[in-house]
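Survey of secondary and tertiary structure
Chain by chain, the residues run as shown.
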Amino acid sequence: MKLLHIDSSVLGTGSASRALTAGIVARQLTLHPGLEVVYRDLAADAALHLSPAHLAAWQGQNVSDAELGADITKGGAFLQEVFDADIIVIGAPMYNFSIPSQLKAWVDRVVVAGKTFRYGPNGAEGLLKGKKVFIASSRGNVYTAGSPAAPFEHHESYLTGVLNFIGLTDITVVRAEGLAFGPEAREAAMLKAHEHIAAMAA
């Protein structure tokens, strides 16, 4: 079995989402001995934002720009890693009510018509099946249903929606929120998230 571990926080060792993805991966290694882990740090090695040059290259025009060529190769690797993975762990902090732009750039490489989804007589169909996804969600405020900030939540809802669109419907969200409410609130939120991780079964 293969696990794809993705981090996207720019906070390094101070990142809550990185701490949670590390915990999830450790738990999966305990549950699945021999699991092969592939790691992507999107903050350290992000894909470029899509451009007209990308579209031209995908339409068959020659790529003469070395940076663009390397980025297209990287995007292909992102896609292959998703195909190869049995388990996907995504670290997704909330930045300005949504996911980091580095993670959005990854999404733009793996949501590909004809590869991870297709259109048919009944509309769109996701093509990725039989994979388990864990999202490590970290948020400074509280955005869960019923909270005053809930209308601003375009974070977990976006990410789970786009993953569902490509066929990834078996998703577990491990959430730590209210992290900006002070040290005690942060500690309590992280403890609750780690308890969720520890309770995971195979």
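The shown structure was predicted, so the numbers you read here are calculated from the model rather than taken from an experiment.

A short note on the layout of surface pockets
Taken as a whole, the largest pocket spans an internal volume of roughly 270 Å³. Forming the boundary of the largest pocket are Leu-50, Trp-58, Ile-72, Gly-75, Gly-76, Leu-79, Asp-108, Arg-109, Val-111, Val-112 and Lys-115. Listing elements by their share of the lining of the largest pocket, those giving two or more residues are helix 3 (66–84) and helix 4 (101–110). Counting residues per element, the lining of the largest pocket draws most heavily on helix 3, at four residues. Grouping the constituent residues of the lining of the largest pocket by class yields six nonpolar, two polar and three charged. In this structure, the second largest pocket encloses a volume near 170 Å³. Lining the second largest pocket are 14 residues, with Leu-11, Ala-16, Pro-93, Ser-138 and Leu-179 sitting closest to its centre. In terms of residue class, the lining of the second largest pocket is made up of six nonpolar, six polar and two charged.

A look at the packing of aromatic side chains
Applying the stated criterion across every chain yields a total of four aromatic pairs. Consider the rings of Phe-117 and Tyr-119, whose centres lie 5.4 Å apart with planes at 85°: the pair is edge-to-face. Of the residues examined, Phe-117 reaches a relative accessible area of 7% and is grouped as buried. Counting every residue linked through ring pairs, the aromatic cluster contains Phe-97, Tyr-143 and Phe-152. Taking the ring centre of Phe-134 as reference, the NZ or CZ of Lys-132 above it sits at 5.1 Å.

Examining unusual backbone geometry
The phi angle at Asn-96 is positive, at roughly 50°, despite the residue not being glycine. When you line up the elements, Asn-96 lands in the loop between strand 3 (87–93) and helix 4. Using a relative accessible area of 75% as the deciding quantity, one classes Asn-96 as exposed. At Phe-97, a position not held by glycine, the phi torsion is positive, near 80°. If you trace the backbone, Phe-97 turns up in the loop between strand 3 and helix 4.

Considering the packing of helix 1 (residues 16–31) against helix 6 (residues 183–198)
Contact geometry for helix 1 and helix 6: axes closest at 9 Å, N-to-C directions at 20°. In this view, helix 1 runs roughly parallel relative to helix 6, as classed from their interaxial angle. The interaxial crossing formed by helix 1 with helix 6 has right-handed handedness. From helix 1, Ala-16, Ala-19, Leu-20, Gly-23, Ile-24 and Arg-27 reach across to helix 6, where they touch Arg-186, Met-190, Ala-193, His-194, Ile-197 and Ala-198. Here the contact of helix 1 with helix 6 is composed, by residue class, of eight nonpolar, two polar and two charged.

Some points on the sheet that holds strand 1 (residues 2–7)
Strand order in the open sheet made by the five strands is 2-1-3-6-7, with parallel pairing throughout. Of all the strands in the sheet, just strand 2 (36–41) and strand 7 (170–177) have a single pairing partner and so form its edges. Averaged over all pairs of adjacent strands, the angle between strand axes in this sheet comes to 15°, irrespective of strand direction. Packed on one face of the sheet, helix 3 meets strand 1, strand 2 and strand 3 and runs near 145° to strand 2. This element, helix 4, spans strand 1 and strand 3 of the sheet and lies at about 145° to strand 3.

Cut-offs used in this document
- Residues numbered from 1 in each chain as written.
- Predicted model: local features only at pLDDT ≥ 70, side-chain atom pairs only at ≥ 80, totals over all residues.
- Heavy atoms only, no water.
- 1 Å grid on protein atoms, 1.4 Å probe; cavity = no way out; pocket = protein on both sides within 12 Å on 5 of 7 lines; lining within 4 Å.
- Points joined across faces, edges and corners; volume = space filled by probe spheres on them.
- Helix = DSSP H or I, 4+ residues; strand = E, 2+ residues; numbered from the N terminus.
- Nonpolar A, V, L, I, M, F, W, Y, C, P; charged D, E, K, R; others polar.
- Phe/Tyr/Trp six-rings, centres within 6.5 Å; stacked < 30°, edge-to-face > 60°.
- Buried < 20%, exposed > 50% of the residue type's maximum accessible area, 1.4 Å probe, protein only.
- Lys NZ or Arg CZ within 6 Å of the ring centre and 35° of its normal.
- Axes fitted to C-alpha atoms, helices over the stretch in contact; angles between N-to-C directions.
- Parallel < 35°, antiparallel > 145°, perpendicular 65-115°, else oblique.
- Left-handed = near helix turned anticlockwise from the far one by under 90°.
- Contact = heavy atoms within 4.5 Å.
- Pairing = 2+ DSSP bridges.

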